[in-house]
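# Remarks on the overall topology
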Amino acid sequence: MTRICVLLMIAFAVGGLIASPHSGRVCADEPPPAVLQAEQARIAAIDRAVRAALAVFEPGGNGGGSGVVISADGYALSNFHVVSPTGAYMQCGMSDGRLYDAVVVGLDPTGDVALIKLLGREDFPAAELGDSDQVRVGDWCFTVGNPFLLATDLQPSVAYGIVSGVHRYQPPAGTMLEYADCLQTDAAINPGNSGGPLFDAQGRLIGINGRGSFEKRGRVNVGVGYAISINQIKKFLGCLHSGRIVDHATLGATVAKDENGRIVVSNILESSDAYRRGLRYGDQLLSFADRPVTTVNGFKNSLGTFPRGWRVPITYRRDGTSHQTYVRLAGVHPREEFLTKFTKPPTMPPEIPPAPKKERGKEAPQPGDDQGQDPDKPRPHLPLPVPRPNPHAPAPLPEHIKPLIEERPGYANYYFNRQQQDRVWKAFSTLGSCQDAKGIWKLAGTVNGGAPWEITLGDEEVAGQFPASRDRIDPRADFDGQLLPARSGGLLPALSIWRRMLILGPQQFGETSYLGTFPLVGHPGVCDVLTGAYNVVEAQFSFDPPTGELLLLEMYPDNNTDPCEVYFGDYKEVGGRKLPHRLTVRFGDAVYGEFVVDRYELGQ
Amino acid sequence: MSNWHDTMMLSNLISKSLTFVVLTVGVTGMALAATGETGSFANVVESVQPKIVKIYGSGGLQGLEAYQSGLLISAEGHILTAWSYVLDAEEYIHAVLDDGSRHEVKLLAHDPRLEIAILKIEATGLPHFQLAEAVELHPGDRVLAFSNLFGIAVGDESASVLHGTVSTITQLTARRGAFQSVYHGPVYVLDAMTNNPGAAGGVLTDRQGRLAGLLGKELRNSLDNTWLNFAIPISALNPSVQDLLAGRNPPRRTDETAKKPANPHTLTALGLVLVPNVLAKTPPYVDRVRPASPAAAAGLRPDDLILFVNERMVSSCKDLIEELSFIDRLDPVQLTVQRGQELVNVELKAP
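Fair warning: this is a prediction, and the values are worked out from it, not measured in the lab. (Residues numbered from 1 in each chain as written. Chains lettered and ligands numbered in written order. Predicted model: local features only at pLDDT ≥ 70, side-chain atom pairs only at ≥ 80, totals over all residues. Heavy atoms only, no water.)

Right, let's get into the overall build of chain A. Helices and strands together make up the secondary structure of chain A, namely nine helices and 32 strands. Within chain A, the fraction of its 604 residues that count as buried is 54%. A fraction of 60% describes how many contacts in chain A between residues 6 or more apart in sequence connect residues 24 or more apart. For chain A, the accessible area works out to roughly 26300 Å², and carbon and sulfur atoms hold 54% of it. (Helix = DSSP H or I, 4+ residues; strand = E, 2+ residues; numbered from the N terminus. Buried < 20%, exposed > 50% of the residue type's maximum accessible area, 1.4 Å probe, protein only. Contact = heavy atoms within 4.5 Å. Areas by Shrake-Rupley, 256 points an atom, 1.4 Å probe, with all protein chains shown as cover.)

Dropping the structure here:
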């Protein structure tokens, strides 16, 4: 009897085990609870993600591509090759069934990225940005978009697959579109998906779809599609918000694999910042932007994710000794060529005229996609596309759109640049305004721990007393011939420019522009950078987003010389304004001086 | 006594239930552990990638890529791959492993009936698949396909991974002209997009990364212009692979104990004329067949390529003539020839 009781108790215990933690019957024809939960989680992630996806159209509904909203005020991402045919004004459909007006903000033609802004709401459903460096081959992912322009009801198509490769390099194929460090997936990417989102299994945005490998079947998916990584796009976002047409970075040197398998510099421009920082022909490149360099492709992958103007750490080795330095990355394209190539969204005709709206067919071939046509393949019966009358004439803009688009060479939309300049200046102005201090400025204090110094800044006279010299420049003459004091790179003209910006602001300083967000050596995060051309030099002003403080002024006499760098710190209240009480001046690889300010006199 | 019997039955039942529960939870747990909480295959992929090989060789002309895929099948660097034009010129073949190391390759052996080849690189301690441990798949099974399709991965970049399921298992049709393939055996038909340049010789695994098949070459059905995604089950290949590795059925000339008969077969007596022997290794193509000869009676035709003589592979005219010299004139000769995309077996008897 006792034995039976014990056994019965065990039976109940076992039964209890089966019953909990998942209260469900475990029988042969019902999926295990874990599977049902996974399914629910997937449905929920897709549901959330789909709401942020866009179908991008030319005004009137022709053409087609995809996009995704990334902030509630309506900023959205797409491909350059989707947005450039539509022009500066386009319309986007969302899964709520509504069509929204949108304007172009910024363009990255080489990287094939476009930033646009949807209008009409401040609460757009937005995608959560993921971290593409955390993505692993074999992870589930899904694409959302408008392949084959099927979304006539604006409900996007969803395709599930796995990540087939990471950090892939797809070279420019006949055009300039380069997909560096991109994600490869077998989730379907077809014509029409371009510009649309690639989400991870949790519904976070990890890429923007744009290319595929095509071969014998023509331009339909054969299991290989590519998405620009979101981490690359994050580096470009600040620059895209500036409304500019953004160029990619170059090191000013090329690398190749030598007979020992090491990656070495095979060519270097003497005018490049890399050369000025010490890099030479034959040096082994060990790491670039904190990523170890093991192959030429790997280097191209790293480099391809950066905008022109970023400053990145590199490590190189020569004769057994390692060197570490920071290199300013110049633009891939010479400035003149870049400006003329992308002055405004091109009116060049697409390779095949777009099909009129009522005959839905395949999207016109986009630059960058491999085109292989098998002559034996039976062709699907598509209606012949009818060319629009005078396809080169841009359609007239609606009245409510006109104020939001401002054309200027080198910009996709200067309107947004003006907005950003205003934003940055407003944040800086919370520290106080110097616009009334139009008279002579005097700064005095100690330098390098003891020696006295003082500087006088005025419209007609700029002079300074330094430990090694007493210098004076004429602020009305060209600055590039007056880079004094010696070995400072031009501290006096630099501070003269600083005073001019603080008094006049970007509206009246001269030719100013918002460049975007860039890292600052020794400082976490990124800074907003304004650039201003005055006299014969160019100055870049880096502002700290959280506090609005101006942290760095770099004065470039020309493109091929190191700038005078003035780092501003220790902002303290003086006469109702916050002013920097520590100036660290660098030129080249040396610190010229650490200046402590004890006294400010700002004349009215 | 009956009490005790009932107790025994009950305890039997309980132990069986417990076993069932443990097995169910165990299997589910194992599957979840292999795929992780999110169901990702990342861990499985990581365990398979080191065994995948990127192969480069002849080609590069329009439509014929100079690359394909392979898998390591021994620690010393034996590689199983598809037999294709990429391997045409041995001196141009090189292999790149998952770690980016580049190796010169020797073409060890090939089986033209199964369209597979064994390559060899010099190495030790390499991660590899055990062919004997390959699993059988069933329709509906989830699969992963590893290969360097489109030649996307270079150097130390890993091969690409596609996902899919086994759609069906069938014989590759032998209907003349449908599929241009010499292999007509069992295949896994897949919905994973493996029919792409460079995928041939790649690996099909189950969702736990266990070896199941060799990805097939690009194959088109000329009747309806469709392309087939398929893999050959390892079980259909393994016996031949073992033969190739062990060097079984080598040419007779390598056997020192083999004795040549006094009156062996000759090409003349058989009525076979081969193409002129001008290269070091001229492939033994039939040029002409003399009428009313044993060759004519067996149905041999011009342009037939002789592959095997009595089950021994012959790669050149010289090999063929040598092999015949070991066969007595009175004995029949079995030949396996390739005629277009088909393999034909014939028997030649002395007149």
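The next subject is the pattern of salt bridges. Charged atoms that come close allow side chains of opposite charge to pair. Residues and elements named next belong to chain A. Using the criterion set out here, one finds 33 salt bridges over all chains in the structure. Asp-47 is the partner of Arg-51 in a salt bridge, and the nearest nitrogen-oxygen pair spans 3.7 Å. Owing to a relative accessible area of 43%, Arg-51 belongs among the partly exposed residues under this scheme. One salt bridge in this structure joins Glu-461 and Arg-472, with 3.1 Å as the shortest N-O distance. A residue pair is termed long-range when its members are at least 10 positions apart, and Glu-461 in the loop between strand S23 (451-457) and strand S24 (462-465) and Arg-472 in strand S25 (residues 470-473) qualify at eleven residues. A relative accessible area of 32% means that Glu-461 is categorised as partly exposed. One salt-bridge network, held together by shared partners, links Asp-273, Arg-276, Arg-277, Arg-311, Arg-328, Glu-554, Asp-562, Glu-565 and Asp-589. (Salt bridge = Lys/Arg side-chain N within 4 Å of Asp/Glu carboxyl O.)

Moving on, we come to the environment of Ile-473 of chain A. Residues and elements named next belong to chain A. Secondary-structure assignment places Ile-473 in strand S25. For Ile-473, a relative accessible area of 2% translates into the label buried. C-alpha separation for the pair Ile-473 and Leu-484, spaced eleven residues apart in sequence, amounts to 7.6 Å. Not counting residues up to four positions away in its chain, the partners in contact with Ile-473 are Glu-461, Val-462, Phe-479, Gln-482, Leu-484, Leu-492 and Pro-493.

By size, the foremost hydrophobic cluster in this structure holds 106 residues, and its most contacted members are Leu-77, Leu-118, Phe-288 and Leu-329 of chain A. Grouped together as the second largest cluster of nonpolar side chains are 46 residues, Leu-431, Met-501, Leu-502 and Val-597 of chain A included. (Core = buried A, V, L, I, M, F, W, Y, C linked by side-chain atoms within 4.5 Å.)

Residue and element names in this part refer to chain A. Confidence in the prediction for chain A averages 87 pLDDT; 86% of positions are at 70 or higher. Confidence drops under a pLDDT of 50 for residues 15-24, and excluding neighbours within four residues, the segment shows five contacts in the predicted structure. Below pLDDT 50 for its whole length, residues 344-390 participates in 80 contacts with residues either more than four positions away or in separate chains. (pLDDT = per-residue confidence, 0-100.)

What follows is about the sheet that holds strand S5 (residues 99-108) of chain A. All names here are of chain A. Overall, antiparallel pairing links the six strands, which are arranged S1-S2-S3-S6-S5-S4 in a closed barrel. Strand-to-strand twist in this sheet, taken as the mean axis angle between neighbours without regard to direction, amounts to 40°. The sheet contact formed by strand S1 (residues 53-57) and strand S2 (residues 65-69) spans four bridges and is antiparallel. If you follow Ala-53 over to S2, its bridge partner there is Val-68. (Pairing = 2+ DSSP bridges. Axes fitted to C-alpha atoms, helices over the stretch in contact; angles between N-to-C directions.)

All names here are of chain B. Reading around the barrel, the six strands line up as S8-S9-S10-S15-S12-S11 and close back on themselves, with antiparallel pairing between neighbours. For this sheet the average axis-to-axis angle between neighbouring strands, irrespective of direction, equals 45°. When strand S11 (residues 203-206) meets strand S12 (residues 211-215), the two strands line up antiparallel, connected through three bridges. The partner of Val-203 across the bridge, within S12, is Leu-214. Each of strand S10 (186-190), S12 and strand S15 (230-233) is contacted by helix H3 (residues 234-246), which is oriented at about 50° to S15, the strand it contacts most.

Consecutive side chains along a regular strand alternate between the two faces of the sheet. Residue and element names in this part refer to chain A. With six of eight residues buried, strand S19 (residues 311-318) is to be regarded as a mostly interior element. Where strand S17 (residues 284-288) meets S19, four bridges bridge the pair, whose relative direction is antiparallel. Looking at the pairing, Ser-287 lines up with Thr-315 of S19. As paired strands, S19 and strand S20 (residues 321-328) are joined by eight bridges and run antiparallel to one another.

Its 19 residues place the ends of helix H9 (residues 491-509) of chain A only 19 Å apart at the C-alpha level, less than the 27 Å of an ideal helix rising 1.5 Å per residue. Most of H9 of chain A sits out of view: 15 of its 19 residues are buried. (Expected span 1.5 Å × (residues − 1).)

Let us look at the side chain of Asn-221 of chain A. As for its placement among the helices and strands, Asn-221 of chain A is situated in the loop between strand S12 (204-212) and strand S13 (225-229). Overall, Asn-221 of chain A belongs to the buried group, its relative accessible area being 15%. Reaching out from Asn-221 of chain A, the side chain makes a polar contact with the backbone nitrogen of Gly-223 of chain A at a distance of 2.9 Å. Beyond its immediate stretch of four places on either side in the chain, Asn-221 of chain A contacts Ala-187, Ala-188, Ile-189, Asn-190 and Phe-214 of chain A together with Met-193 of chain B. (Polar contact = N/O pair within 3.5 Å; in protein donor to acceptor, adjacent residues only side chain to side chain.)

With that out of the way, let us pick up helix H4 (residues 230-241) of chain A. Residues and elements named next belong to chain A. Between the first and last C-alpha of H4 there are 16 Å, a value that for twelve residues agrees with the 16 Å anticipated at 1.5 Å per step. Judged by how many residues are buried, H4 sits mostly within the fold: ten of twelve residues are covered. The complete set of buried residues in H4 reads Ile-230, Asn-231, Gln-232, Ile-233, Phe-236, Leu-237, Gly-238, Cys-239, Leu-240 and His-241. Looking one or two residues beyond H4, the residue adopting positive phi is Gly-243, at roughly 80°.

All names here are of chain A. Here helix H8 (residues 414-429) crosses H9 at 155°, and the two axes come no closer than 10 Å. Our classification of the angle between H8 and H9 gives roughly antiparallel. For the element pair H8 and H9, the recorded crossing hand is left-handed. For the pair H8 and H9, contact is made by Gln-421, Asp-422, Trp-425 and Phe-428 and by Met-501, Leu-502, Gly-505, Pro-506 and Gln-507, respectively. For the contact of H8 with H9, the residue count by class is five nonpolar, three polar and one charged. (Parallel < 35°, antiparallel > 145°, perpendicular 65-115°, else oblique. Left-handed = near helix turned anticlockwise from the far one by under 90°. Nonpolar A, V, L, I, M, F, W, Y, C, P; charged D, E, K, R; others polar.)

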